[in-house]
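# Residue-level structural notes
Here are the chains, one letter per residue:
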Amino acid sequence: MECRIDDLPDEILEYILGLIPPYKDLQECMFVSKRWYQATKNVIDHSRNHFQKSIAYGSLLWNSCQGAKKTPVISKRHSHSACTYNNSMYVFGGCTETSTTFNDLWKLDLDTRKWMRPVTIGNYPSPKACATMLYYKKSFVLFGGWSHPPPYPLYQQWKSFNELHVYSIESNKWTAINALETPPPTSAHSASIHGNNMIVFGGVANGFSVNDVWCLNLDSYCWKKQVTSSLKPQPRYGQSQIPLDDKHLLVLGGCTGPNVPMNDAWLLTMDDPVWIWKKVNMCHTESAPTRIWCHAACKVGNYVIVLSKKKRQSQPTAMSIGKLTNPPCHSNPSPRERQRPSREIDRDENTNGRRGFLQRPSLRGAQPRSSNASSSFVPVYDSTLSMAAFRDETVRSNANANRQKQLESLRRMEERLHNRRIHESKTAKRLENTLAIYVLDISNVLCDSCSASWIPLKQNDQTGPDDRMLYSLVLGRGELIVFGGLRKEQTTIQGQPDIDDSQVYNDLHFINPPKYSI
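Predicted, not measured: the structure shown is a model, and the values here were computed from it.

Within the protein, residue pLDDT values average 80, and 74% of them lie at 70 or more. Confidence drops under pLDDT 50 across residues 314-393; counting only partners more than four residues distant or on other chains, this segment forms 66 contacts.

On to a nonpolar patch on the surface, then. On the surface, Ile 5, Ile 12, Tyr 15, Ile 16 and Leu 19 cluster together into a nonpolar patch covering about 430 Å² of accessible area. Tracing the backbone shows Ile 5 in the segment before α1 (10-17). On the basis of relative accessible area, Ile 5 is assigned to the partly exposed category, the value being 38%.

Looking now at empty space enclosed by the protein. What the rule picks out here adds up to one cavity of 30 Å³ or more. Roughly 70 Å³ of internal volume is contained in the largest cavity. Together, Phe 143, Pro 183, Pro 184, Thr 186, Val 200, Phe 201, Gly 202, Ala 205, Val 210, Asp 212 and Trp 214 line the largest cavity. When the residues that make up the lining of the largest cavity are grouped by side-chain class, the tally is eight nonpolar, two polar and one charged.

This brings us to the sheet that holds strand β31 (residues 472-475). On the basis of which strands lie adjacent, the open sheet formed by four strands has the order β1-β35-β32-β31 and antiparallel pairing. Edge positions in the sheet fall to β1 (61-65) and β31, since each of these pairs with one other strand and no more. Each strand axis lies, on average, 25° off the axis of its neighbour in the sheet, ignoring direction. The pairing of β1 with strand β35 (residues 503-512) spans five bridges and is classified as antiparallel. Note on β35: the bridge partner recorded for Trp 62 is Ile 511.

All right, on to the side chain of Ser 472 then. One can find Ser 472 in strand β31. The buried category is assigned to Ser 472, whose relative accessible area is 5%. Engagement of the side chain of Ser 472 in a polar contact is seen with the side chain of His 80, the distance being 3.0 Å. Ignoring any residue separated from it by four or fewer positions in sequence, one finds Ser 472 in contact with His 80, Ala 82, Ile 481, Val 482 and Phe 483.

The rules behind each value
- Residues numbered from 1 in each chain as written.
- Predicted model: local features only at pLDDT ≥ 70, side-chain atom pairs only at ≥ 80, totals over all residues.
- Heavy atoms only, no water.
- pLDDT = per-residue confidence, 0-100.
- Contact = heavy atoms within 4.5 Å.
- Patch = residues over 30% accessible without salt bridge, like charges linked within 9 Å, V, L, I, M, F, W, Y side chains within 5 Å.
- Areas by Shrake-Rupley, 256 points an atom, 1.4 Å probe, with all protein chains shown as cover.
- Salt bridge = Lys/Arg side-chain N within 4 Å of Asp/Glu carboxyl O.
- Helix = DSSP H or I, 4+ residues; strand = E, 2+ residues; numbered from the N terminus.
- Buried < 20%, exposed > 50% of the residue type's maximum accessible area, 1.4 Å probe, protein only.
- 1 Å grid on protein atoms, 1.4 Å probe; cavity = no way out; pocket = protein on both sides within 12 Å on 5 of 7 lines; lining within 4 Å.
- Points joined across faces, edges and corners; volume = space filled by probe spheres on them.
- Nonpolar A, V, L, I, M, F, W, Y, C, P; charged D, E, K, R; others polar.
- Pairing = 2+ DSSP bridges.
- Axes fitted to C-alpha atoms, helices over the stretch in contact; angles between N-to-C directions.
- Polar contact = N/O pair within 3.5 Å; in protein donor to acceptor, adjacent residues only side chain to side chain.

Structure (structure tokens):
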């Protein structure tokens, strides 16, 4: 007896369709038959609800994507702009670790997870980073950004832009828009689409952080500086802007200056003639991320997803212990310890090079040495060396050669240990400093209480990617897409100079709900 796929129950058919990636292939299943159309629609609706429930319960999972060989690979970058349209994610610009900016446009096929670079035409934007790119009517609207100056001529300042470009997806063309009144050159701002308007808030303009609100009519491309209430957020940059509806938006986090990050949220009600700012009451702040600046946030239903450094359980540190008791280096030595001779540290450059210092080992049976020979270092006690002064020059030269070999062997061993300590320190930091998922419930923001609540998430053993900032976080279909970013920190090893451990990424990570079964 032959069985066809049409003979399967609806539940089994929906389960099979649920295994297909939720992009082009699943959409094409809707055109097979009326039954497949309804089954595919049920799968899409169920996946959307399952995704939002997984966010509320804190059961999201990290999945990384390794690029296939012999396919175009986008270069490493941070501070880029990203946006999704249909079955693709588009990435524009950004900069490298050395602040070299791009003006290229890349397209990621979310079905195949492969990159391609469209050969665009028209008036290209300037190479820049920290710009905003938003989708509107089969086009991308790109505004602002900054670029680092070339090394020559010297003493140039970095440059901000107030350029406005529109990229047509269908014609694959960039168009530069010239308007009479424009905002000042701005970067690290935030923007969102509300009806036929693009609202721009904050950023860095003329070298200072601002809290101005600009409105761009996307039909006439006319700018207008909007009048707002006297109570308003502090000037800031690196914040996230989340559209709620055509009349409301939410600003989350940001930074008001060097080492002054913010973890607040503000609601803007856009009713003419004066738009009203209102501060949001934040609840359960103990479950909030450590920082919400230069970390993109993404809205999914009534929740906002924020990625930040994974929190660890508080442990006593050297600083906290030092507040209670005097550290050993500052304690008063006892009379017996004062009489105890201090152990010298060998600083002979020929012995230890410039990579650190080795303590002189105590050699039992060794004769006391004169001060003239204090720079010499014998790592291993050898009877031939101790008797070399009573032998002829030939024996002495052989002993010196043997000693040089031992010193060279010791130098190589020291270098291997040094490299191993660096590797272990980096590995330990990467295991500890990883990204974690934080969820903000904004269902009561538009209520009279105007409150938002951080959801206490269940701690699981799953490890996310390296802690980073200035990445992009966009919403796909039933998943979140994380690309690029910058990890900037220094590795400190006792007795060694600090090592710059900064790194720029071009890896892809996806945040998905767990698989469900019938």
